[in-house]
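Fold and geometry: a report
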Amino acid sequence: MRNLTEVSLKNKDLVWYFIVVAFLAGIFSFSKLGRMEDPDFTIRTMVVTAAWPGASADLMEEQVTDKLERKFQDLPGIDNIESFTRAGQTCIYVSLREDLDASLIRTSWRDIRNFGNDIKEDLPDGVYGPYYDDRFDDVFGSIYAITGDGYSYEEMRRAAEKARRLILQVPNVQKVELLGVQEEKVYVEIENAKLASLGIPPTAISSAIKSQNIISPSAMVETETDNVYLRITGTFDDLEAIRETPVSANGKIFRLGDIATVERRTAEPMDPKMYYNGEPAIGIAVSMEPGGNVLELGDDLDELIKKISDSEPVGLEIHQVSDQPKVVEESISEFVSTLREAVIIVLIVSFLSLGMRTGMVVAGCIPLVLVATFCGMYIMGIDLQKVSLGSLIISLGLFVDDEIIAVEMMSVKLEEGLSRMEAACYAFRATAMPMLTGTLITCMGFIPIAFAKGITSEFCQSMFPVIAMSLLVSWVISVMVAPLFGTYLIKVKVTDETGSKKNDMYQSRFYVIFRSVLKWCLTHKAVVIAATAGVFAASVVLMDHVHQEFFPQSVRPEIIMSMRLPEGSSLKDTEEEGRRFAEFLDAHSDKINNYSYYVGTGAPRFVLTIDPEADASNFAQFVIVSKDVDSRNEMTAAIRKELSDNFPNIRPNLQYIQTGPPADYPVMMRVSGYDKDEVRRISDEVVRRLVADGGYVDIGRNWNEKTKTVHLELDQAKLRAMGISGQQLAQTLYTEISGAGIAEYYKGDRTIEIQLRLKDVDRSDLSKLKDIQVYIGEKGYVPLSQIAKISYEAENGLIWRYNLLPTITVQANLASGTGNDGAIAAYDMTEDIRKELPLGYSITPAGSLEDSDTAMDFLLTPVPVTVFIVVTLLMIQLRRVKLVILTLLTAPMGVIGVTFGMLFFDKALGFVAYLGILALMGMIIRNSVVLIDQIEKHLEEGETPWDAVVDSAIKRFRPIMLTAATTILGMLPLMTSAFWGPMATAIACGLVIATALTLLVLPTMYAAVYRIKEE
């Protein structure tokens, strides 16, 4: 290879030119980089829904859900199909394999639509759908709530709709949705007794209203100059017009307002609601276009919302519920501060170890590497977010290694009397190739995350390009820029001909001790190697005692509290429980900034790492924003106590926002099989095991209870004699009890349905059901009890399925400990149950444990290729198999430090920590290459093997320790990070032990392999 240092020093002006260009380009790139809290990852899930009014959950499952799922199962690339079915509705989640190429996802969603259309004709009559939602991954990072004391829902909706249209005009806004909107209806209600006494059939009322309000095509007169339309009056302009509608029955004409009440009000049962700080609210959820700058969007929204707020009438207020731009700004600011701390630490190490002038060379190279990396990130479209910024901090401790090695060698040669040009060129010849090999090997440690499949790897994928770019740029700078800086800054005292200064340095007390220890190791090879192997084996065994956690919880202040009432509970009951809990939160307002809650649905996906909940009448979800992390923890304890003491009828789930892919509970196990009752029985046993253990709280299942139903056994003989069918009777009951849409009322931008039904007193009391008067045609009205036998039963109100089988998911939170530890322990408890399961039944992990196993499988898939590349690089550099094997044997030494470090600092091993271990092995191999290369150079210079090993370890002690120290100390700011802490701990602790072992054990193994003895 051509001596790049020589090229640089002979073309100083050109190099300075590119340095200036790089700085300017880097500053520009940094200002243009996107800002996000978390990196994007693709959620490969489509939601398919269908409805069949009147069908039970069991019938819906058999006739609709099963048919759709069996058809979707034929789609190539399917990972799993999960669904829940309720009376009259089904919701199917179709998930693609994580290793499916992202470019094929839209094609797959098109195929799902085609498959659904193909099966549609096989679905029963009366089925609506299927309908498709392939935007399940939309993130609504900015959410606002409009509240108004004394304002109706409709008035708040109009204000929200006005704001929505203005927000849609803001740059980078993709979608704006309204939350908690309450549909309005016009209810025409009549007493059951009055209907029967007057003999008015319900059809007479519906026909009268419908015929009065139809908009029909009217005529147009074409004159010589204009087209003039005829507009015919008659449509309802207000409620009074509806009341004036004439109803004809039994030869008489009645005014509708005289026989029925006509009112416009919110729909019953109500639609899902939103509350902000306990007040009814209409939410405005804003999502950003892909690739948009969230900070710029936040500034634009703040400016617009202030203008809208100023223009609203007194009492109508707009509140910020979720402020993702602010969170991103704080997150990036925190990481930039951490990066600054890491830079300062590395500079201090450089100045203290290398001296002021030599340290300034390293100091000058650091910002140059960073700005060049920013350029690369801008070109590759990598945003500033949690992973990319963390990668920069990690790489900071690595990329200064090359500069330190280069300037340290240059300084040594200057001390020996070489000119600046000769010293710099010698440093290139002596260190460039080992450094390049080491740099490439370090990069290879991050290859698994670069080429692994799955959303977890996709989440961390920016790590490899950022670290690889910074390290490769660093190598170029170390051989072209650092020597240039060195020619200006490094000043050393030249040693005399005998090299006394150099000898004095290596004869210091510290080096004398180190030489003695090293010689002892070399003369006791068997003891040292056996002891190292023993400690390594012990660390592997102790690794089982390190906590396991897929991804740690974040330190964001939000608490997400979900409450689920018994299946079949009404929205009114759920709303009342939510109101009671809101009163508890109001009493603790000193610890929270605000809270919002959603009745009948979950919060929208306001951050990518949470999954939105489907609508359900028995479900409510609170998003509580605490003042800080300490307040969050205090509130969590207080909430648990409150729920335990005063909310016995709900099943709660308290969560923090995750730092990785989401899961509802840390402990989740699927119990699947063909028969629902047998699945229930098995899940009962699993729940009993968890309860008996005592280490789990909030234990429950995603479905189990049955719902109440009223069973009407019709007297078919009587119905035939009366000339009425069962379908007609069902329609009559539906109209009288639930209400049937008979016409539409138009007001502003609202199309309001007009419904006919009985008064509340006649339809809301089950004990009066038998007395409801049913119209049977010419024979008038008869009580329901005369034509039907009424009984009360229970049926499945909710059925979950997984891959076409009824499946109950047993769920639990942990009383203490980390997620994967608790999930593994819970799964192990079921071992004897699993052994005795009938054919076709299974208990499998779900949630984080399943995701963790999948992610690790994907992560380990590229490892063989990584090993091949590393071995190839080592063979090119070292040229001998024995040396390659020796180098590779040092890599596992890091596990010793990792195990003891994770135990000492009480960190959990998870996906990010395993990434750190893989990267650590590359760092260790890099140091080993430097040492072995030095030994080979001493042998080439004619030294005896014993002296070559000893002198190489002593000579490379300083650069190896310096590079290790910068890496270790550079990790310190990250060790307190919730996300990066486990990885930083693994790298720092592993490198501490591995560096010491590299300087002592590697020479010992080398001496053992080549049978070197002191001469």
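Since the structure is predicted, the reported quantities are computational estimates derived from the model, not experimental observations.

1. Quick notes on the overall build of the protein chain
Each helix and strand counted, the protein chain has 36 helices and 30 strands in total. Principal axes of the C-alpha set define a box for the protein chain whose edges measure 130 × 80 × 55 Å. When burial is assessed residue by residue, the protein chain has 54% of its 1015 residues classed as buried. Taking all contacts inside the protein chain whose residues are at least 6 apart in sequence as the whole, residues at least 24 apart take part in 80%. Carbon together with sulfur atoms contributes 55% to the accessible area of the protein chain, which is approximately 43,900 Å² in total.

2. Observations concerning the state of the cysteines
According to the stated counting rule, one finds zero disulfides in the structure shown. Here cysteine 425 is not disulfide-linked; the sulfur of cysteine 365 is the nearest cysteine sulfur, at 17 Å. For cysteine 425, a relative accessible area of 6% translates into the label buried.

3. As for the packing of aromatic side chains
Enumeration according to the criterion identifies 30 aromatic pairs in this entry. Centroid distance phenylalanine 904 to phenylalanine 905: 5.0 Å. Interplanar angle 90°. Geometry classified as edge-to-face. By the ring-pair criterion, three or more aromatic residues cluster together here, those being Tyr275, Phe581, Phe584, Tyr595, Tyr597, Phe622 and Phe647. Lying across the ring of phenylalanine 30, arginine 35 places its NZ or CZ 5.0 Å from the centre. The side chain of arginine 757 reaches across the aromatic face of tyrosine 187, ending 3.8 Å from its centre.

4. Concerning the packing of helix H32 (residues 881-890) against helix H36 (residues 981-1009)
Between two packed helices, both the angle of their axes relative to each other and the distance between the axes serve to describe the pair. Running from N to C, H32 and H36 point in directions that differ by 145°, and their axes come no closer than 10 Å. As for the relative orientation of H32 and H36, their crossing is right-handed in sense. Residues Lys882, Leu883, Leu886, Leu889 and Thr890 of H32 pack against Leu1002, Met1005, Tyr1006 and Val1009 of H36. Its residues placed into classes, the contact of H32 with H36 shows seven nonpolar, one polar and one charged.

5. Re the packing of helix H13 (residues 386-415) against helix H35 (residues 945-971)
Orientation of H13 relative to H35, taken along the N-to-C sense of each, is 160°, at an axis distance of 8 Å. As the angle between them shows, H13 and H35 are arranged roughly antiparallel. In the crossing of H13 with H35, the sense of the turn from one axis to the other is right-handed. Here Ile393, Ile394, Gly397, Leu398, Val400, Asp401, Ile404, Ile405, Glu408 and Met409 of H13 come into contact with H35, specifically with Arg956, Arg958, Pro959, Leu962, Thr963, Thr966, Thr967, Gly970 and Met971. By residue class, the composition of the contact of H13 with H35 is ten nonpolar, five polar and four charged.

6. Topic: a negative patch on the surface
Among the surface-exposed residues, Glu296, Asp299, Asp302, Glu329 and Glu330 lie close enough to one another that they form a single negatively charged patch. Listed by contribution, the elements that provide at least two residues to the negative patch are helix H10 (294-311) and helix H11 (324-354). Per element, the largest residue contribution to the negative patch is three residues, and it comes from H10. Within the secondary structure layout, glutamate 329 lies in helix H11.

7. Notes on the environment of arginine 879
The residue arginine 879 is located in the loop between helix H31 (863-878) and H32 in this model. Taking the relative accessible area as the measure of exposure, arginine 879 reaches 63% and is therefore exposed. Measuring from C-alpha to C-alpha, the distance between arginine 879 and valine 476 comes to 24 Å, with 403 residues separating the pair along the chain. Looking at arginine 879, its side chain comes within polar contact range of the main-chain oxygen of isoleucine 876, at 2.4 Å.

8. Regarding the sheet that holds strand E12 (residues 261-266)
If you walk across this open sheet you meet the four strands as E12-E7-E24-E23, and the pairing is mixed. Each of the sheet's edge strands pairs with one partner strand only, and the pair in question is E12 and strand E23 (740-747). For this sheet, the mean inter-axis angle between neighbouring strands, taken without regard to orientation, is 30°. Two strands pair when backbone bridges link them, and strand E7 (residues 184-190) and E12 are joined in this way by six bridges, in the antiparallel orientation.

9. Observations concerning unusual backbone geometry
Of note, the bond from glycine 129 into proline 130 is cis; its omega dihedral lies within 30 degrees of zero at 10°. The omega torsion across glutamate 268 and proline 269 is -5°, close enough to zero to call that bond cis. One can find proline 269 in the loop between E12 and strand E13 (273-276). Positive phi, close to 50°, is recorded for asparagine 803, a residue that is not glycine.

10. Some thoughts on the pairing of strand E3 (residues 89-96)
Along E3, seven of the eight residues are buried, which leaves the element largely enclosed by surrounding structure. With eight bridges connecting them, strand E2 (residues 78-86) and E3 associate as antiparallel partners. What sits directly across from arginine 86, in E3, is glutamine 89. Between E2 and E3, which pair antiparallel in sequence order, lie two residues; one of them, glycine 88, sits at a positive phi of approximately 85°.

11. What about the nonpolar core?
Judged by nonpolar contacts, the single largest core of 173 residues is most densely connected at Ile366, Met377, Ile394, Phe911 and Trp980. Tallying contributions element by element places H36 first for this core, with 15 residues. Of the domains in this structure, domain 1 (4-32 + 355-489 + 509-550 + 853-1010) and domain 2 (45-133) are the two that each give at least three residues to this core. Those residues in contact with isoleucine 394 that sit more than four places away from it in its chain are Phe446, Ile467, Met971, Leu974, Trp980 and Met983. Tyr153, Ile559, Phe581 and Leu643 belong to the second largest nonpolar core, which has 46 residues in total.

12. Observations concerning helix H2 (residues 12-32)
Across its 21 residues, H2 extends 30 Å between first and last C-alpha, which sits within 8% of the 30 Å expected from 1.5 Å per residue. For H2, the full list of buried residues reads Val15, Ile19, Ala22, Gly26 and Ser29. Along the axis of H2, the buried residues cluster in a sector spanning 105°; they form a single face. Residues Asp13, Tyr17, Leu24 and Ile27 are exposed on H2 and point more than 90 degrees away from its buried face. Close packing links the buried residues of H2 with helix H1 (4-10), helix H12 (356-380), helix H17 (463-480) and helix H18 (482-489).

13. Describing the pattern of salt bridges
Any two side chains of opposite charge can pair, given that their charged atoms come close. Here the structure, examined in full by the defined rule, presents 60 salt bridges. For glutamate 577, the salt bridge is made with arginine 580, and the minimal N-O distance between the two is 3.0 Å. Of this pair, glutamate 577 and arginine 580 are both found in helix H22 (residues 571-586), three residues apart, which corresponds to roughly one turn of the helix. Residue classification places arginine 580 among the partly exposed residues on the basis of a relative accessible area of 28%. Residue lysine 937 pairs with aspartate 933 through a salt bridge whose shortest N-O separation is 2.6 Å. Taken as a pair, lysine 937 and aspartate 933 lie in helix H34 (residues 911-940) at a separation of four residues, close to a single helical turn. Taking relative accessible area as the criterion, lysine 937 reaches 22% and is therefore assigned partly exposed. Its relative accessible area of 13% is what places aspartate 933 among the buried residues.

14. As for the confidence of the model for the protein chain
Per-residue confidence for the protein chain averages 87 on the pLDDT scale, and 98% of its residues sit at or above 70. Here helix H19 (residues 500-506) stands out as the element of the protein chain with the lowest mean pLDDT, 52, in contrast to E13, whose mean of 95 is the highest.

15. A look at helix H7 (residues 202-213)
With twelve residues, H7 ought to run about 16 Å at 1.5 Å a step, and its terminal C-alpha atoms sit 17 Å apart, in line with that. Of all the positions in H7, only Pro202, Ala204, Ile205, Ser206, Ala208, Ile209 and Asn213 are classed as buried.

16. Observations regarding the environment of isoleucine 318
Relative to the helices and strands, isoleucine 318 resides in strand E15 (residues 316-323). Once the C-alpha coordinates of isoleucine 318 and isoleucine 259 are considered, the two residues, 59 residues apart in sequence, prove to be 43 Å apart. Those residues in contact with isoleucine 318, other than ones at most four positions away along the chain, are Tyr144, Ala145, Ile146, Ile305, Ile308 and Ser309.

17. Digging into a nonpolar patch on the surface
A surface patch of nonpolar side chains, about 400 Å² in accessible area, is lined by Leu14, Tyr17, Phe18 and Val21. Relative to the helices and strands, phenylalanine 18 resides in helix H2.

18. Examining the side chain of asparagine 813
One can find asparagine 813 in strand E29 (residues 805-814). Look at asparagine 813 and you get buried, because its relative accessible area is 5%. Here the side chain of asparagine 813 touches aspartate 698 through a polar contact of 2.9 Å, side chain to side chain. Ignoring any residue separated from it by four or fewer positions in sequence, one finds asparagine 813 in contact with Arg640, Asn653, Leu654, Tyr665, Pro666, Gly695, Tyr696, Val697 and Asp698.

Analysis parameters
The numbers attached to residues start from 1 for each chain and follow its sequence in the written order. Under the rules for a predicted model, residues below a pLDDT of 70 receive no local features and side-chain atom pairs below 80 are neither given nor counted, while totals for whole chains, interfaces and linings still include all residues. The side-chain figures draw on all heavy atoms in the structure; neither hydrogens nor water molecules are used. Counting from the N terminus, the helices are DSSP H or I runs at least four residues long and the strands are E runs at least two residues long. Exposed residues in this analysis have more than 50% of their type's maximum accessible area, buried residues have under 20%, and partly exposed residues fall in between, with area computed by a 1.4 Å probe over protein chains only. Contacts: residue pairs with any heavy atoms within 4.5 Å of one another. For every accessible area listed, the method is Shrake-Rupley and the probe measures 1.4 Å; residues are considered covered only by the protein chains on display. Two cysteine sulfurs form what is called a disulfide whenever their separation falls within 2.5 Å. Paired rings are identified among Phe, Tyr and Trp, the last through its six-membered ring, by centres lying within 6.5 Å, and are further divided according to the angle between planes into stacked (under 30 degrees), edge-to-face (over 60) and tilted (the rest). Placement of a positive charge over a ring is assigned whenever Lys NZ or Arg CZ falls within 6 Å of the ring centre and within 35 degrees of the normal to the ring plane. To define axes, lines are fitted to C-alpha atoms, for helices over the stretch in contact only, and angles between the resulting N-to-C directions are given on a 0 to 180 degree scale. Crossing handedness is defined as follows: a turn of the near helix away from the far one that is anticlockwise and smaller than a right angle gives a left-handed crossing, while the clockwise case is right-handed. Amino acids are sorted into nonpolar (Ala, Val, Leu, Ile, Met, Phe, Trp, Tyr, Cys and Pro), charged (Asp, Glu, Lys and Arg) and polar (every other residue, Gly among them). Between 65 and 115 degrees an angle is taken as roughly perpendicular, under 35 as roughly parallel, over 145 as roughly antiparallel, and anywhere else as oblique. Like charges are joined within 9 Å and nonpolar side chains (Val, Leu, Ile, Met, Phe, Trp, Tyr) within 5 Å, but only among residues with over 30% relative accessible area and no salt bridge; these make up the patches. Definition used for salt bridges: Asp or Glu carboxyl oxygen within 4 Å of a side-chain nitrogen of Lys or Arg. When charges are counted, neither His nor the chain ends are considered; positive counts come from Lys and Arg and negative counts from Asp and Glu. Charge positions are represented by NZ for Lys, CZ for Arg, CG for Asp and CD for Glu. Polar contacts, as used here, are pairs of N or O atoms within 3.5 Å; protein pairs need one atom able to donate a hydrogen and one able to accept it. Residues neighboring in sequence count only if both atoms are side-chain atoms. In this analysis, strands are considered paired if DSSP registers two or more bridges between them. Put simply, buried Ala, Val, Leu, Ile, Met, Phe, Trp, Tyr and Cys residues joined by side-chain atoms within 4.5 Å make one nonpolar core. Residue ranges for the domains trace back to a domain assignment, done automatically or taken from a database. Here, expected helix span is obtained from the residue count minus one, scaled by 1.5 Å. As used here, the arc belongs to the directions running from the helix axis to the C-beta atoms. pLDDT expresses how confident the predictor is about each individual residue, on a scale running from 0 to 100.

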